[in-house]
Structures are given as C-alpha cells and as structure tokens.
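# Survey of secondary and tertiary structure
The chain contents come next:
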Amino acid sequence: MRRLNIQDSAFLTVETDESPTHVAGLQILQLPPRYKGNFFQEMFDRFDLSAPPQAPFNLKLGGQLSKLELTPRWVEDKDFDLDYHIRFVRLPEPGTMEQLTALVSRLHGQRLDRAHPLWECYCIEGIEGNRVAQYIKIHHALVDGVAAMSILSSTLSRSARHRQDKGFWQMPVTRNKKVPVKAGPAPKRDMVSLALESLSQVAEGVNTTTRTVSELGGKLLRGGFHILSGDERDAPLPFQAPPTIFNTTICRHRRFGVATLPLTRIKDTGKNLDATVNDIVLAICAGALRKYLQVHKALPAKPLTTMCPVSVRPKDAEQEGNSISMIITTLATDVDDPLKRLEVIKRSSRAAKDKVNHLSREAATNYSLLLNAAVLATNAVGLGGTVPPPANLVISNVPGPREQLYVNGAKLVANYPMSVLVHSQALNITVTSYLDSIDFGLMADREVVPDVDLMADLVIEAAQELEDAFEKKMELQAFQAAEALAAHKRLKEAQAEAGKKKPARKKAAARKTTAKKKTAAKKATSKGPVAKTGGKRTARLEAKAKTAARRARKVAKQTPISEEATTTVPDPKLNGALQTLDVTTVTPETVVVTPAVETPAPDKPAEGYSTAAE
C-alpha cells in the first residue's frame, strides 16, 4: 500500500467530467515491408499472459471515507482484468491521419474508471501507409510526463529482430534501490489506526504547505518588486496573464492536432541563436499562437504567459507519482520580430528557472500545486472559469529516447503526447523528442478551438519563420560586412593615391622653393655684389685715366698740338664713373686725350707753344 502525496491527490480531487486528469501518448508504428497479417493479435499471441502485471499498472485506488481515511492510497488489484484495459480498433478506409486524430480526440475526453487500475490501451489498425498505432492513456495521479516517457522507453526494443514475450504492463519499472516500493494488499487495521494514519498524512501535508509558503514568500515578494521596477517581462508573476479566447470554461469534448519538426533543425537554430531547445520550442509556440490569434482578431496588447512543468525527480528514483514544479515565462506575443521575441523568451525563461533552482525539492514540487490551487478548487466545485488562470496555457517539453525503437519488429516513427485541460485553460501544447524528430501534441477544447489543425500548421510556419528571420539576419550581416570591406578597400586605395600625390607635391614645392631661393640670390647678387664690383671697375678706370693723363702730359710736352677740332667719345666701360672722354684729333704724329675728371692742372707750357684751350 502506498499513500498518495499532495500533488498526486490533487489530480484526483479536482477531476470532473469536463476536465479528466489523465495523460496519454499516441505511438505511430511502421510495419515491416510486405507485412500481411494482424499485427496486434499476433503480438498478443506471443505474450505470456500468465505473468502478473507490475506497478503502477496493477494499482487501483483504495480507502473509504466511511473508515475515516481522508487521503487516498494505492492498492493492488486482485481482480486484474486485462481484457478491460486492452481495446482493439480498426479505422475505416482510407485510414488518414485526420481520422486517427479524430478517434483519439474522442477517446481522450472520456474519464478512466476508478474501479480499475487507471490506464487503458487502444490498438489501432487500418492506418494508411502500412501503419498501426497505440493510444495509451494513464491517470496523472499515477505518473507524470517524465515517468510516462521512462516507462515507454523501457518497454520498447532497440532491435528490429527482437520479439517481446511480455506486455508493457508486465515490465518492472525502474526504482530507487534505496527506497523499494512494493504494492500489496492493505493490512487489516481498526478504524482508530486508519484515522490516525489519515490525520498524520493530512498534518504532514499541512506542514509541507506551510514550509512551502514560507520559503516562497520572500521570493514572490522579490518578484513583485521586480515587476514594480519594470522587470515584468523577464519575471512575470502568476495571475497576470491577459484574457484570451483560450481562458474560458471547457466542455468534455476534445480536438487533437499534431505537428512534427526535425530535431536537428531545432538544435541548429538554437546553436545559431545561442538558445536551448526549450527556448526554441517556446518561441515556435509563441509564433503559432500569435498568428492564430491574429487570424481570429483576438491578439491582446499584453504578451501571453505560459506555465512550463519542470521535473525535480532525483536520478534513479522510482518512476511513479508526480515530481514536478512549474515556472512561468512570457511568450512575448506582443513582439512582431521573431528574433527579438526569442531574446525576450530566453531572458524570461532563465530568470524563472533561476528562481526554481534556489528552492528546495519539496517547495518546488508544491509550488505548482499552489499555482493551480484556485483554478483546481473552482473546478472541483463546478465554478470553473470564474478565476483567472496563473498563465494563459501550459507548454510542456518532455525529452524522449534518441535511438531507433521497435515494437515486435514494427518501427516507432512518431510519438505524440496528449495532456490535460482544465477550466480557464482550453489549450495545452506538449512536446516530446524522439530520434531525430520533435513531435508537437496540441490538445484543445472542441468548442473553444475547433480549428486546432490550423494551429498545428502554424507551428510549422512559425518554425520556418524563425529560420527565415535568422537567414535574413545572416544575409544582412554578410551584406553589411561586404559593404564595410568595400569601404575599407576604397579608403586604403584613397590613402595610397594620396600617398603617391604627396611626394610629387613635395617635389614641386621643393622645386618652387629652390627657384625662389635662386631668384632671391640673383636679386641679392645684383643689388649687393654687382654694385660693389662696379665700384672697383670705376676705380680701375679712373686709375687708367690718370695714367693716360700723365702720359698725355708727357706727350704734350714733347709734341706740339695741331689745331684740330676735338671730339668727345663716351666710354661705356666707365659705368657712370666717367661721363665723357675728350679726344682731340691731332696729326698722325700727335694724339691728345683729355679726361672729364678732375686732374691736376698741367704745368705752364714754355714760350713758343700754344695751350690746348687755344
């Protein structure tokens, strides 16, 4: 016997016909080539049905309020009926994917019978493309998404040749060896012991809740201060989501849509944009939601917010019950640019994870219960939709197996998750990875979101939009880099050309300077040294004139002067120093030269000789 913890009990307490709280998985199997036969019937014929079922598949609810048991417990079903849990269905031709999703949508809206272990398996044949499918649903009180994925992985084979001799309900679930859990019949006890145990369980739950509220109080208060300081986008508080068409009451009928993307594309996009796979998933969902609300002209001005489950289960712990917490992050649906929207989501997601990482495991687990307490309480009393939700919707990302898996030779090609809807949250998106694909399961209320297939198509478009935005950014950066390189090249060429012209200009300037210097030197030479040289020449001429005058006087003394006319002959060599030279024409034997300079008066000639004046 095992008592349910507070979180497990909550999924049972708040369950209604409009809001069943089970989860499911739709596995698509590709049959071997040229296979002709009844695949599931042949598989069950090989099973050893005498082997007993294993927990949690053999557990049903125990406890009676008449015996003062206030909290439920799991007990082993001694009358386990496999035929009740296994159902066989065949689709009518042509067996399209639309027919398959319509079938599982109806099945998912039906509650599980609490008189039996809370799980069912539908084996579906007649799918086009030589395929079959398994739809397995199990109550959320038994397992969470991570535990369900672990159970699925342990029951499948990694070899196409392997043939199983047991069903998945007969496979033992991985447990923590330090804390073994065995299901068995409840021991007989009196009413007092049952009441004391039940009260002890309730008291433990109250204490746990008190500790959780105390631990969360300071963090929520700080979160409020962040909002007051303008940090609301990075750390949105619960119950601050804008009203949308998804946040209303729901009915018991469902619509289910699927979408598949290559995981390598998601990882490459995340690597290029420095984002995690979960960041890219949130960004894709945000893009699809924004487009869907725009189509219906219902996009609010404020950004949508989402709750994201986070597993806090320790490693090697038993894969039963729930061990999850919640973070709230913005979807930035008010941002038009996909890349800017992703940056906002990244900051918000990291801030939310940091808050949860600083909580104890106990507080983190109960935090999600506290977030949904008001909504779940109104669901339980039939007043669903009257209280605003903590966030607009839940988006969950559950990692799956990365290797190729088989079921008795049939290849597992897709694994679509299906989750829970509650009042005020008429849409849930759950994502799981498998091999090289990532599968989106969109669960919606039939009346609120009748065209869920449109949203599934928008998921594919949003992923392409994000990739295209990145490619445009790279192209723009490449163009800008090319432009910058060309501008740098032009600058270098201009600098080189300027460098060539500069020496020529220097040489021309040097030549001009040299010419100016020569001109100045010539001017200086003509004004200074030339005048000086002219004075020396004049002195020499004067000396020669004096010498010539002395010679003339001597000749005059010795030779008589003829009466001839005199002629004045300028001498240019005197350069202004001598104005004229008086040259007297005499007979061939006698020539008298009279200088125009002051010379000493000649001696008086002797008698019998006439003077030059005469």
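Since the model is a prediction, treat every value here as computed from it, not as a measurement. (Residues numbered from 1 in each chain as written. Predicted model: local features only at pLDDT ≥ 70, side-chain atom pairs only at ≥ 80, totals over all residues. Heavy atoms only, no water.)

This paragraph deals with the environment of Ile28. Along the chain, Ile28 falls in strand E2 (residues 22–30). Classification of Ile28 as buried rests on a relative accessible area of 3%. It is 6.0 Å that separates the C-alpha atoms of Ile28 and Leu412, two residues lying 384 residues apart in sequence. (Helix = DSSP H or I, 4+ residues; strand = E, 2+ residues; numbered from the N terminus. Buried < 20%, exposed > 50% of the residue type's maximum accessible area, 1.4 Å probe, protein only.)

All right, on to the pattern of salt bridges then. Per the counting criterion, the structure on display carries 15 salt bridges. In this structure, the salt-bridge partner of Arg111 is Glu15, at a minimum N-O distance of 3.6 Å. Of this pair, Arg111 sits in the loop between helix H4 (97–108) and strand E6 (119–127) while Glu15 sits in the loop between helix H1 (6–13) and E2, placing them 96 residues apart in sequence. By relative accessible area, Arg111 is classed as partly exposed at 33%. For Asp336, the salt bridge is made with Arg290, and the minimal N-O distance between the two is 3.1 Å. Here Asp336, found in the loop between strand E10 (324–330) and helix H9 (338–357), pairs with Arg290, found in helix H8 (residues 277–295); they are 46 residues apart in sequence, far enough to count as distant. Residue classification places Asp336 among the exposed positions, given a relative accessible area of 56%. (Salt bridge = Lys/Arg side-chain N within 4 Å of Asp/Glu carboxyl O.)

On the surface, a cluster of negative charge is contributed by Glu98, Glu128, Asp453, Asp457 and Glu461. Mapped onto the secondary structure, Glu98 falls in helix H4. (Patch = residues over 30% accessible without salt bridge, like charges linked within 9 Å, V, L, I, M, F, W, Y side chains within 5 Å. Areas by Shrake-Rupley, 256 points an atom, 1.4 Å probe, with all protein chains shown as cover. Lys, Arg positive; Asp, Glu negative; His and termini not counted. Charge placed at Lys NZ, Arg CZ, Asp CG, Glu CD.)

A few words now on the pairing of E6. Of all 9 residues in E6, 8 are buried, a share of seventy percent or more. Pairing geometry for strand E5 (residues 86–90) and E6, over 5 bridges, is parallel. If you follow Phe88 over to E6, its bridge partner there is Cys123. In this fold, E5 hands off to H4, which returns the chain to E6; that crossover is right-handed. Direction of pairing for E6 relative to strand E7 (residues 131–139): antiparallel, over a ladder of 7 bridges. Bridging from a neighbouring strand, Ile127 pairs with Arg131 of E7. If you look at the hairpin formed by E6 and E7, you'll find 3 residues sitting between the two strands, and Gly129 has a positive phi there, around 80°. (Pairing = 2+ DSSP bridges. Right-handed = clockwise from strand over helix to strand, strands pointing away.)

So, about the sheet that holds E6. Taken in spatial order, the 6 strands of this open sheet run E5-E6-E7-E2-E13-E12, and their pairing is mixed. Looking at the sheet topology across the chains shown, the edges are occupied by E5 and strand E12 (406–407). As defined by bridge partners, E12 adjoins strand E13 (residues 410–418) across 2 bridges and the pair is classed as antiparallel. Residue Tyr406 lies in a different strand from E13, and its bridge partner there is Lys411. This element, H4, spans E2, E5, E6, E7 and E13 of the sheet and lies at about 155° to E2. (Contact = heavy atoms within 4.5 Å. Axes fitted to C-alpha atoms, helices over the stretch in contact; angles between N-to-C directions.)

To continue, consider the packing of aromatic side chains. For any pair of aromatic rings, the description rests on two quantities: the centre-to-centre distance and the angle between the ring planes. Going through the model one piece at a time under the given rule, you end up with 14 aromatic pairs. Between Phe57 and Trp119, the ring centres sit 5.4 Å apart and the planes meet at 80°, which makes this aromatic pair edge-to-face. Here Phe57, found in the loop between helix H2 (39–46) and strand E3 (59–62), pairs with Trp119, found in strand E6; they are 62 residues apart in sequence, far enough to count as distant. Considered together, Phe57 and Trp119 belong to a single accessibility category, that of buried residues. Here the aromatic rings of Trp119 and Phe168 are separated by 5.6 Å at their centres, their planes lie at 70°, and the arrangement is edge-to-face. On the criterion of sequence distance, the pair formed by Trp119 in strand E6 and Phe168 in the loop between helix H5 (145–155) and helix H6 (191–228) is long-range, its members being 49 residues apart. Like Trp119, the residue Phe168 is buried in the burial classification. Here the basic side chain of Arg87 rests over the ring of Tyr84, its NZ or CZ set 4.9 Å away from the ring centre. (Phe/Tyr/Trp six-rings, centres within 6.5 Å; stacked < 30°, edge-to-face > 60°. Lys NZ or Arg CZ within 6 Å of the ring centre and 35° of its normal.)

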